[in-house]
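# Structure at a glance
So the chains spell out like this:
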Amino acid sequence: MEALVWETAEELDMKLAQRVRNIRRRRKISQEELSRMSGVSYGSVKRFEATGKISLLSLTKLAMALDMADELRELFTQVPYRNIQEVIDERRRNTTSFI
C-alpha cells in the first residue's frame with residue numbers, strides 16, 4: 001500500500017527553508033551574518049530562503065552554524081516500519097550479517 005503524498009517536494013523544501021529563516025530571525029542573525037558564520041555564500045542563503053533550493057552540504061553548514069546539527073543527525077533515525085514484512089526482512093539481515 002502506498003502512502004498518500006499531501007505536498008510536493010518543492011513545498012516540503014520551502015517549509016524547511018521557512019523554518020531555517022524563522023530560526024535565523026529569532027536569533028537576530030542577518031542573512032549576511034549567517035553566510036559568514038557558515039561559509040555558505042550569501043547568494044545561496046538568500047536563494048534558499050526564497051526558493052527552498054540548496055545543496056545538502058550547504059544545508060548542513062547552515063544547520064551547524066545555527067547549532068542545529070543534532071536535528072540533522074537525527075534525520076531518518078526513527079523511521080516507522082510500513083508493514084510486518086519490513087520487520088522480518090530487517091531481522092533477517094541483522095542476524096545473517098553477524099555470521
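Residues numbered from 1 in each chain as written. Predicted model: local features only at pLDDT ≥ 70, side-chain atom pairs only at ≥ 80, totals over all residues. Heavy atoms only, no water.

## Things to note about the overall build of the protein chain
Per the secondary structure count, the protein chain includes 6 helices and 0 strands. Its helices and strands in sequence order give the protein chain the pattern α-α-α-α-α-α, from N to C terminus. For the protein chain, the C-alpha radius of gyration of 18 Å lies well beyond 13 Å, the compact-globule estimate for 99 residues. Every one of the 99 residues in the protein chain was classed for burial, and the buried ones make up 24%. For the protein chain, the exposed surface amounts to about 8,100 Å²; the carbon and sulfur share of it is 56%. Considering the protein chain, the positive charge centre built from 18 side chains and the negative charge centre built from 15 side chains are found 5 Å apart. (Helix = DSSP H or I, 4+ residues; strand = E, 2+ residues; numbered from the N terminus. Rg over C-alpha atoms; globule rule 2.2 N^0.38 Å. Buried < 20%, exposed > 50% of the residue type's maximum accessible area, 1.4 Å probe, protein only. Areas by Shrake-Rupley, 256 points an atom, 1.4 Å probe, with all protein chains shown as cover. Lys, Arg positive; Asp, Glu negative; His and termini not counted. Charge placed at Lys NZ, Arg CZ, Asp CG, Glu CD.)

## Side note on the nonpolar core
If you look at the biggest cluster of nonpolar residues, it comprises 13 residues, and the most contacted ones within it are Leu34, Val45, Phe48, Leu62, Leu66 and Met68. Elements supplying a minimum of two residues to this core: helix 1 (9-26), helix 3 (42-51) and helix 4 (56-65). (Core = buried A, V, L, I, M, F, W, Y, C linked by side-chain atoms within 4.5 Å.)

## Considerations on the layout of surface pockets
Its boundaries defined by the atoms lining it, the largest pocket holds a volume of some 390 Å³. Surrounding the largest pocket, 15 residues form its lining, Leu16, Val20, Leu59, Glu71 and Leu72 being those nearest its centre. Contributions of two or more residues to the lining of the largest pocket are made by helix 1, helix 4 and helix 5 (69-73). By residue class, the composition of the lining of the largest pocket is 12 nonpolar, 1 polar and 2 charged. (1 Å grid on protein atoms, 1.4 Å probe; cavity = no way out; pocket = protein on both sides within 12 Å on 5 of 7 lines; lining within 4 Å. Points joined across faces, edges and corners; volume = space filled by probe spheres on them. Nonpolar A, V, L, I, M, F, W, Y, C, P; charged D, E, K, R; others polar.)

## Examining a nonpolar patch on the surface
A surface patch of nonpolar side chains, about 350 Å² in accessible area, is lined by Leu75, Phe76 and Val79. Tracing the backbone shows Phe76 in the loop between helix 5 and helix 6 (84-96). (Patch = residues over 30% accessible without salt bridge, like charges linked within 9 Å, V, L, I, M, F, W, Y side chains within 5 Å. Salt bridge = Lys/Arg side-chain N within 4 Å of Asp/Glu carboxyl O.)

## A short note on the environment of Ile54
Positionally, Ile54 belongs in the loop between helix 3 and helix 4. The sequence separation of Ile54 and Arg93 amounts to 39 residues, and the corresponding C-alpha distance is 35 Å. Those residues in contact with Ile54, other than ones at most four positions away along the chain, are Phe48, Leu59 and Leu62. (Contact = heavy atoms within 4.5 Å.)

## Considering the pattern of salt bridges
Counting across every chain of the model gives 4 salt bridges. Between Glu7 and Lys15 there is a salt bridge, and its shortest N-O distance comes to 2.7 Å. Linking Glu49 and Arg24 is a salt bridge whose minimum nitrogen-to-oxygen distance equals 2.7 Å. Note that Glu49 is positioned in helix 3 and Arg24 in helix 1, a separation of 25 residues in sequence. The exposure class assigned to Glu49 is buried, which follows from its relative accessible area of 5%.

Distances and angles like these do not, on their own, reveal function.
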